[in-house]
Amino acid sequence: MSDHPGTSDTPDPLDSFDELIEAETTRDPDLAVIEAGSRTLRTQGGQPQADVPGRPEDPEVDKALREVEAELATRWGETKLEPSVSRIAALMDLLGEPQRSYPSIHITGTNGKTSTARMIEALLGAFELRTGRYTSPHVQSVTERISLDGAPISAERFIETYQDIKPYVEMVDAAQEYRLSFFEVLTGMAYAAFADAPVDVAVVEVGMGGSWDATNVIDGDVAVITPIDLDHTDRLGETPAEIAGEKGGIIKQDATVILSQQPVDAAQVLLKKAVEVDATVAREGLEFGVVARQVAVGGQLVTLRGLGGEYPEVYLPLHGAHQAHNAAVALAAVEAFFGVGAQRAQPLDIDTVRKAFAAVSSPGRLEVVRRSPTVVLDAAHNPAGAAATAEAVREAFDFTRLIGVVGASGDKNVRGLLEAFEPIFAEVVVTQNSSHRAMDADELAAIAVEVFGEERVQVEPRLPDALEAAITLAEEEGEFAGGGVLVTGSVITVGEARLLLGKG
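Residues numbered from 1 in each chain as written. Predicted model: local features only at pLDDT ≥ 70, side-chain atom pairs only at ≥ 80, totals over all residues. Heavy atoms only, no water.

1. Some words on the nonpolar core
The nonpolar side chains of soluble globular proteins are, as a tendency, buried together.
So, step 1. Ranked by size, the top nonpolar core spans 42 residues in total, and within it I120, L124, V224, I258, F338, L348 and F357 carry the most contacts.
So, step 2. Secondary-structure elements contributing two or more residues to this core are β1 (104–108), α5 (113–126), β5 (201–205), β6 (222–225), β10 (299–306), β11 (309–316), α11 (321–338) and α12 (350–358).
So, step 3. Top contributing element to this core by residue count: α11, with 12 residues.
So, step 4. With sequence-adjacent residues up to four places away left out, V224 is seen in contact with I105, H106, I107, T108, T116, I120, I250, I258, V329 and A333. (Core = buried A, V, L, I, M, F, W, Y, C linked by side-chain atoms within 4.5 Å. Buried < 20%, exposed > 50% of the residue type's maximum accessible area, 1.4 Å probe, protein only. Helix = DSSP H or I, 4+ residues; strand = E, 2+ residues; numbered from the N terminus. Contact = heavy atoms within 4.5 Å.)

Here it is, written out as C-alpha cells:
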C-alpha cells in the first residue's frame, strides 16, 4: 500500500408494453439544456463507472453462463443461513488463502453499503490503484457482484473463475455437514479473482451481519460501518445494539474503523468492540462529515471534511442527503487506507477527489431511466431506506403527482416501508417480482390499503402491467406537468423493471 497516492429470466412483457419500452424518450429543449450542464460536470470529473451488464451477446458464452447460474441455484440461497465461517474458511485454505494476498476495506451496515463501496472504489481507482469490489445483491446480472477496475468482470472471466474453484468447492462440500451456499461460492470466486488479477486493494461488502458473514475471512485494514437500523431482525437481533454486535465482527485487531452516524446504543457497542481490539475509530460528525451541500443538476455539490481537512465543491451525481453522508464515509475510509490523519498530515489531492466523485454511479439508487413521464428506480427495501429515498425525492424532483410501483420481499417490514412512502405517493400500484421471496401482490395490497386507503391502491400482479398502469396514471398530469413514477421495494423489483424499461 502506498503512503503517497498519485494525483492524477424475467417475465416477458405484454405486446402493448413493448410499445411503451420503445417509446420516444427524447428530452424537451429545457431538459436538454439541463442535461448538457450535467454532462459538463461529469466531463470535468472523468467518465462514469460502467453500467449494469446485460446478457452476453455470444450465444455460447450466454449458454455457459446460464449453466453456471443453474449450478449456483442448486445451493442454499442467500436467505437460508447457517451462521458459521467454517465452510468458507475451508475453501480459502484449499485455495491457498487468496484473500490474504491484498489489503482490503470491509463494509457493513444496514443501508448504503453498495453506494459507499462504489464511491470507495472510484476514489482508489482515481489514485491509480487496481481495485476489486465485491457487492450484493446484484441488480440484473450476477457478474455485477465481482468488479475489477470499476467494471463488472466479463461473463467469460466469471465462468472461468467458477470452473477454476469448482473442484475445491466440491472437496469442501464432501467434507462439511452442509454444502457451501450460493453466497459462499461467490465469495470464494471474488477472492480468487482478486488474487488472480491481481488487485492492489479489495473493497468488500458483507452479505449480512458481519461476525459469521462469509466475507469475514479477510482482515480488513479499514472497517466501514454504514448506518445501522432494523433489518433481518430474525437473524441479526431485534435492537440496533444487538445488530451492531453482529456487524461489529468485521472490526479486526489494529484496524481503523470508519463509523457513520449511528443510534446511540449501536455506537456504544461498536466503540466497545473497537477498544477490545485496539482499533482506531473515526466518527462521522466528529472526525469527519458533511460540511455543506446543495442541490445541483443531476446530483449535488458538497463540501466534505475528511481526516486530513476540507474538500470543497465536490460534485456528486447522486441524489439525497444520505448519499452525501455515504460520500463522507467513503472519503474517510480512503484517507484512512492511505494513512491520512495518522502517518501523513496532508489531505488527498482535491482535484483527484473531485474527479473520482464526479464519475460515481449507483444503478438502482434514485436512477432516472425514462422521461415523459419521469420513471425513477430505487432499491429501498426497509423503512429507513424508504425514508431516506422519500426525503431525497422531495428535494431533487419537482413531482406534482408521483405514482409508486412497489414489489417487496415477504421477509421485510413492508408496512413500515409503505408508511415511509405514503406522504409522497399520490397512488400506489402494488405488484410482485419473479423471485420466490416476493410477497404476494394481494397480500401486499391488503397492507397498502390500510396505509393508503382503498381508493389510492391498484393491484397488478405482473410487473409489466404495474409499470404500464403507473405510467398511464402519471401521464394523466399531461405531457408538460410534473407526473412521475417511482419503482421501489426490492433490488429484484428494480432490476426487473430496469430490464423492462430498456436498460441493460
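2. As for the side chain of T226
So, step 1. Relative to the elements of secondary structure, T226 occurs in the loop between β6 and α8 (233–236).
So, step 2. Of the residues examined, T226 reaches a relative accessible area of 1% and is grouped as buried.
So, step 3. A distance of 2.9 Å separates a polar atom in the side chain of T226 from the backbone oxygen of N111. (Polar contact = N/O pair within 3.5 Å; in protein donor to acceptor, adjacent residues only side chain to side chain.)

3. Comments concerning the environment of A330
So, step 1. With respect to the helices and strands, the residue A330 is situated in helix α11.
So, step 2. With 210 residues separating them along the chain, A330 and I120 place their C-alpha atoms 5.1 Å apart.
So, step 3. Beyond its immediate stretch of four places on either side in the chain, A330 contacts T116, M119, I120 and L123.

4. Section: the packing of aromatic side chains
So, step 1. Counted by the stated rule, this structure contains 8 aromatic pairs.
So, step 2. Relative to Y178, the ring of W76 has its centre 5.0 Å away and its plane inclined at 40°; by these criteria the two rings are tilted. With W76 in the loop between α3 (59–73) and α4 (86–95) and Y178 in the loop between α6 (155–175) and α7 (182–196), this residue pair connects regions lying 102 residues apart in the sequence.
So, step 3. For the ring pair F397 and F399, a centre distance of 5.2 Å and an interplane angle of 5° mean the geometry is stacked.
So, step 4. Judged by its relative accessible area of 12%, F397 is buried.
So, step 5. The exposure class assigned to F399 is partly exposed, which follows from its relative accessible area of 22%.
So, step 6. Among the aromatic residues, ring-to-ring pairing joins F127, F337 and F338 into one connected group. (Phe/Tyr/Trp six-rings, centres within 6.5 Å; stacked < 30°, edge-to-face > 60°.)

5. Topic: the sheet that holds strand β16 (residues 457–462)
So, step 1. Taken in spatial order, the 6 strands make up an open sheet running β12-β13-β17-β14-β15-β16, and their pairing is mixed. The outermost strands of the open sheet, each flanked by one partner alone, are β12 (367–370) and β16. The average angle at which neighbouring strand axes cross in this sheet is 25°, direction not considered.
So, step 2. In the sheet, strand β14 (residues 401–406) pairs with strand β17 (residues 483–488) via 6 bridges, with the strands oriented parallel. Residue pairing in the sheet places I403 in a bridge with V485 of β17. (Pairing = 2+ DSSP bridges. Axes fitted to C-alpha atoms, helices over the stretch in contact; angles between N-to-C directions.)

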